[in-house]
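# Structure at a glance
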Amino acid sequence: MTTTTTTPMLRPLFLARAPLAAAPLLLLSACMSLAPPHELPAPPVPATLDAPAPAEAALAPEPAGPAFVLDARLRTLLGMALADNRDLRVAVLAVERARAQYGIAQADRLPTVTATGNAARTRTADDLTTAGRGNVAGQYSASVGLAAYEIDFWGRVRNLNEAALQEFLRSQDSRDSARIAIASDVMLAWLNLDADARRLLLARATLRARQQQFALTQRTHALGAASGLTLAQVQTTVDGARADVATYQAQVARGRNALALLVGSAVPVNLLPPNVEPALREPTAAQPQPLPQGTAPAGEPRTAEPPATATALPSIAPGLPSSVLLQRPDVRAAERSLAAASAQIGVARAAFFPSISLTASVGTASNELSGLFGAGNGTWSFAPQIRLPIFDAGRNRANLRVAEVARETAIAQYERAIQAAFRDVADALADRATLTERLDAQRSLVDATQRTLELSQARFRLGADSYLAVLDAERSLYTAQQALIALQLAEQANRVQLYKALGGQWQGVATQ
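Residues numbered from 1 in each chain as written. Predicted model: local features only at pLDDT ≥ 70, side-chain atom pairs only at ≥ 80, totals over all residues. Heavy atoms only, no water.

For helix α2 (residues 72–84), spanning 13 residues, the distance from its first C-alpha to its last is 18 Å, which sits close to the expected 18 Å at 1.5 Å a residue. Buried within α2 are the following residues: Leu74, Arg75, Thr76, Leu77, Leu78, Gly79 and Ala81. For α2, the elements touching its buried residues are α3 (86–107), α4 (156–222) and α5 (228–263). A side-chain oxygen of the first residue of α2 lies 2.8 Å from the backbone nitrogen of Arg73; this N-cap is Asp71. (Helix = DSSP H or I, 4+ residues; strand = E, 2+ residues; numbered from the N terminus. Expected span 1.5 Å × (residues − 1). Buried < 20%, exposed > 50% of the residue type's maximum accessible area, 1.4 Å probe, protein only. Contact = heavy atoms within 4.5 Å. Polar contact = N/O pair within 3.5 Å; in protein donor to acceptor, adjacent residues only side chain to side chain.)

What follows is the structure in structure tokens.
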């Protein structure tokens, strides 16, 4: 014990300075913040709404996306999407969060050792001392110890750690599901954009052919060889084609925006599907104008043919075993949830048994800082605590039932995940079984309508039939060609659907 006295003259000065000495500490604690500054990231979009997309980007020297993707441009886009897509970034951060939570659960299995140091200086008022004079006392201590460490006799902490581990693994499976979903969405958006570009090219070529026919009909009408009805009928075909061109132009623009959102940045032109670049280069056809007097179009206007389709994935080999469905990330995630629910039953059962926790420390203490580590000043404490449940009004039993029901629910969800996976694959295979026949039939229909149009044009030129038959044949051919593009897109989209239904397991099950 250290005693310090103050004279009556200095006592008011000392009492007045004490709050002033503490003021800087209070001000510092009020102004300090360890939180990071609030900063918004730069918007990941161009500075202007009408900014053009980059013209070129280098193709990845090695497959950035899945190696089984056939088109190098699409592989590069998939690599960009897996790196920059914001939804996938959220899934990756969820894995990091679950990893940190698992680290917390692991730490609970070991004691937490902390070092503490205390220093106290107190002054006793004059009226509270027997001598009538105030005194100042000091006390110092330093110790190392652990607090409330639970001895895990019944596996409560171990099962909590297991549940956290399964949650961490489940988050990884959810991230893999997100990767597969993002890759599938990018491939579908890329294929849809290619199909829209093919529709646009077909519509433009059809418009050019109909403009030529309209110019020819104008000429023959001026010479008196075609009626005004025929001229009006040809005009309707031109206007219909112009409307289709404008519609597909908008669809191509929307498709590029959708692809940019999935990729996470503007898509360079050379990474777009093969039919998009010529569709972007070709200007919109203008309003048809009559031919100059004394001229005529060279030959019969030719009908348009749809351009070739893009290919994303190879075809799948037949005879897949259903066991591959167990490797789907969503099925694995359901399995992790079931394992976590089983561990929670162990936690609930452990609540029925006594729990023992330890609190202990060892250190030194003194009333003088210089004697803190002197001989004879060592201290220690050991305080075990046992907790035995006696009466809890059925709380533990209810918690156990909750855990058991949660496990039964997880079993049902696991079984449903397998059934849903089987249905996804079965539906995709059912569609695939008929797509080849539907494509063959549609190609035959396009050829037949093409011949019908040629015969109708020949009969019209000979005067054996009206132009109405030619118009009907043209519409039928155009409709058949558009349907062929839709079927070719459906066939490619079916491969992507199978890729997603199989959980991304395409390597080794696909054939060229």
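Attention now goes to the pairing of strand β2 (residues 135–151). By the bridge criterion, twelve bridges tie strand β1 (residues 113–124) to β2 in an arrangement that is antiparallel. Across the sheet, the residue bridging to Ala120 is Gln139, located in β2. Note: β2 against strand β4 (residues 355–366), ten bridges, orientation antiparallel. Bridging from a neighbouring strand, Ser141 pairs with Ala365 of β4. (Pairing = 2+ DSSP bridges.)

Turning next to the layout of surface pockets. Taken as a whole, the second largest pocket spans an internal volume of roughly 240 Å³. For the second largest pocket, the lining is made up of 14 residues, of which Gln213, Leu216, Thr220, Phe460 and Arg461 are closest to its centre. Elements that contribute at least two residues to the lining of the second largest pocket include exactly α4, α8 (395–462) and α9 (467–501). The greatest single-element share of the lining of the second largest pocket, amounting to four residues, is contributed by α4. Within the lining of the second largest pocket, the residues separate by chemical class into six nonpolar, six polar and two charged. (1 Å grid on protein atoms, 1.4 Å probe; cavity = no way out; pocket = protein on both sides within 12 Å on 5 of 7 lines; lining within 4 Å. Points joined across faces, edges and corners; volume = space filled by probe spheres on them. Nonpolar A, V, L, I, M, F, W, Y, C, P; charged D, E, K, R; others polar.)

Aromatic rings considered in pairs are described by the distance between their centres and by the relative angle of their planes. Inspection of every chain in the model, using the stated rule, returns three aromatic pairs. Measuring from ring centre to ring centre gives 6.2 Å for Tyr102 and Phe168, while their planes differ by 5 degrees; the resulting arrangement is stacked. Separated by 66 residues along the polypeptide, Tyr102 in helix α3 and Phe168 in helix α4 bring together distant segments of the chain. Across this residue pair, the class does not change: Tyr102 and Phe168 are buried. Here Phe153 and Trp154 contribute two aromatic rings whose centre-to-centre distance is 6.3 Å and whose plane-to-plane angle is 55 degrees, an arrangement assigned as tilted. Grouping aromatic residues by their ring pairs yields a cluster made of Phe153, Trp154 and Phe353. (Phe/Tyr/Trp six-rings, centres within 6.5 Å; stacked < 30°, edge-to-face > 60°.)

This paragraph deals with the pattern of salt bridges. Counting across every chain of the model gives 21 salt bridges. A salt bridge links Glu491 to Arg432; the nearest nitrogen and oxygen atoms lie 2.6 Å apart. Note that Glu491 is positioned in helix α9 and Arg432 in helix α8, a separation of 59 residues in sequence. Residues Glu491 and Arg432 agree in their burial class; the two are buried. A cluster of three or more residues bridged by salt bridges with shared partners is formed by Asp173, Arg175, Asp176, Arg332 and Arg336. (Salt bridge = Lys/Arg side-chain N within 4 Å of Asp/Glu carboxyl O.)

So, on to the confidence of the model for the chain. Per-residue pLDDT for the chain has a mean of 81; in total, 80% of the residues score no lower than 70. Of all the helices and strands in the chain, helix α1 (residues 10–31) carries the lowest mean pLDDT, 51, while helix α7 (residues 329–350) carries the highest, 92. Low pLDDT (under 50) marks residues 1–16, which in the prediction has 18 contacts with non-local residues, meaning those over four places away or in another chain. Contacts for the low-pLDDT stretch residues 284–300, under 50 throughout, to residues beyond four places or in other chains number 28 contacts. (pLDDT = per-residue confidence, 0-100.)

Once that is clear, we can look at the side chain of Gln488. Within the element layout of this structure, Gln488 appears in helix α9. Reaching out from Gln488, the side chain makes a polar contact with the side chain of Arg198 at a distance of 2.2 Å. When neighbours within four sequence positions are excluded, Gln488 is seen to be in contact with Arg198, Thr309, Leu439 and Arg443.

Quick look at the side chain of Gln233 now. Locating Gln233 in the fold gives a position in helix α5. With a relative accessible area of 18%, Gln233 lands in the buried category. In this view, Gln233 contacts Tyr467, Leu468 and Leu471; residues no more than four positions away in its chain are not counted.

This next bit is on a nonpolar patch on the surface. Taken together, the side chains of Val113, Val144, Val362, Trp380 and Phe382 present a nonpolar region at the surface, about 580 Å² in accessible area. Counting through the fold element by element, Val362 comes out in strand β4. (Patch = residues over 30% accessible without salt bridge, like charges linked within 9 Å, V, L, I, M, F, W, Y side chains within 5 Å. Areas by Shrake-Rupley, 256 points an atom, 1.4 Å probe, with all protein chains shown as cover.)

As a further point, take the packing of α2 against α4. At a minimum axis separation of 10 Å, α2 and α4 run at an interaxial angle of 140 degrees. Of the possible angle classes, the one that applies to α2 and α4 is oblique. In this structure, α2 crosses over α4, and the sense of that crossing is right-handed. Taking contact as the criterion, the partners of Leu74, Leu77, Leu78, Ala81 and Leu82 in α2 are, on α4, Arg179, Ile182, Ala183, Val186, Met187 and Trp190. For the contact of α2 with α4, the residue count by class is ten nonpolar, no polar and one charged. (Axes fitted to C-alpha atoms, helices over the stretch in contact; angles between N-to-C directions. Parallel < 35°, antiparallel > 145°, perpendicular 65-115°, else oblique. Left-handed = near helix turned anticlockwise from the far one by under 90°.)

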